[in-house]
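A look at the structure
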Amino acid sequence: MSESATTVTAPAARARQSALVTPEGSTTIADTVVSKIAGIAASEVSGVHSLGGGAARAIGNLRERIPGARTNHSQGVSVEVGETEAAVDLDLVAEYGVSIADLADGIRRNVISAVERMTGLHVVEVNVTVNDVHLPQDDAQPAAPQEQRVQ
């Protein structure tokens with residue numbers, strides 16, 4: 001009888017085994033890799049204006065003005081990565097008029113799909129924090145070109 005119990009649990013244990021940990025060796029994925037993948041996946045969802053809270057966005061705007069600087073795709077993203085699982089926390093600004101519940105659901109689907117497909121990690125949770133709502137009038141109007149005083 002104990003044999004049948006062992007054979008029942010063995011396939012379940014094998015099903016949970018990750019492609020990252022095999023008898024031939026293990027693969028380790030850095031937190032920054034997962035946070036970058038999650039940030040890009042969240043940004044792709046329609047209704048996400050930007051990632052990060054107020055301070056993170058302000059620093060990101062300054063960083064983008066520096067010549068040669070790259071966009072920080074992991075801004076507003078924090079992750080915990082284990083050997084076979086990952087958890088993701090996202091801070092973002094939503095576009096006005098978008099259903100936040102639907103937005104969060106779409107973000108979760110896209111982030112889970114991207115992280116699991118690209119890393120082989122099982123995503124156990126994606127927590128979404130909406131810090132602000134972007135209004136169309138918040139965008140700065142481009143300044144009218146000034147006439148040159150000297151020619």
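The structure presented is a predicted model; accordingly, all values stated were derived computationally and were not measured.

Rules used throughout
Residues numbered from 1 in each chain as written. Predicted model: local features only at pLDDT ≥ 70, side-chain atom pairs only at ≥ 80, totals over all residues. Heavy atoms only, no water. Helix = DSSP H or I, 4+ residues; strand = E, 2+ residues; numbered from the N terminus. Buried < 20%, exposed > 50% of the residue type's maximum accessible area, 1.4 Å probe, protein only. Contact = heavy atoms within 4.5 Å. Areas by Shrake-Rupley, 256 points an atom, 1.4 Å probe, with all protein chains shown as cover. Patch = residues over 30% accessible without salt bridge, like charges linked within 9 Å, V, L, I, M, F, W, Y side chains within 5 Å. Salt bridge = Lys/Arg side-chain N within 4 Å of Asp/Glu carboxyl O. Lys, Arg positive; Asp, Glu negative; His and termini not counted. Charge placed at Lys NZ, Arg CZ, Asp CG, Glu CD. Core = buried A, V, L, I, M, F, W, Y, C linked by side-chain atoms within 4.5 Å. Expected span 1.5 Å × (residues − 1). Arc of directions from axis to C-beta. Pairing = 2+ DSSP bridges. Right-handed = clockwise from strand over helix to strand, strands pointing away.

The helix and strand inventory of the protein chain stands at four helices and six strands. Walking the protein chain from its N terminus toward its C terminus, one meets helices and strands in the order α-β-β-α-β-α-β-β-α-β. The 151 residues of the protein chain split such that 28% are buried. Across the protein chain, every contact between residues at least 6 apart in sequence was considered, and the portion connecting residues at least 24 apart equals 72%. Carbon and sulfur atoms provide 51% of the accessible area of the protein chain, an area that totals close to 10,500 Å².

A surface patch of negative charge is lined by D31, E80, D89, D91 and E125. Relative to the helices and strands, E80 is located in strand β4 (residues 77-81). Taking the relative accessible area as the measure of exposure, E80 reaches 62% and is therefore exposed.

In this structure, V88, L90, I107 and V111 are the most contacted members of the largest nonpolar core, which totals 27 residues. Breaking this core down by element, the ones donating at least two residues are α2 (31-43), β3 (48-51), β4, β5 (85-95), α4 (100-119) and β6 (122-134). Ranked by residue count, the leading element in this core is α4, at six residues. When neighbours within four sequence positions are excluded, I107 is seen to be in contact with A42, V45, V48, L90, L92 and V128.

This next bit is on α4. Taking 1.5 Å of rise per residue, 20 residues should cover 28 Å, and α4 covers 28 Å from first to last C-alpha, within 8% of that figure. Turning to α4, its buried residues are L103, A104, G106, I107, V111, A114, V115 and T119. Considered in projection along α4, the buried side chains sweep an arc of 165° and stay on one side of the axis. Pointing more than 90 degrees away from the buried face of α4 are the exposed residues A101, D102, R109 and R117. Next to the buried residues of α4 lie α2, β3, β5 and β6. Positive backbone phi, approximately 85°, marks G120, located one or two places after α4.

Attention now moves to the side chain of H134. Topologically, H134 is positioned in strand β6. The exposure class of H134 is buried, given its relative accessible area of 9%. When sequence neighbours within four positions are dropped, the list of residues in contact with H134 reads H49, V93, A94, E95, Y96 and D139.

Attention shifts here to the pairing of β6. Note that β5 and β6 share eleven bridges and pair parallel. For L92, the partnering residue across the bridge sits in β6 and is V130. This β-α-β element, β5 to α4 to β6, shows right-handed connectivity.

Limitation: the analysis is restricted to geometry and does not speak to function.
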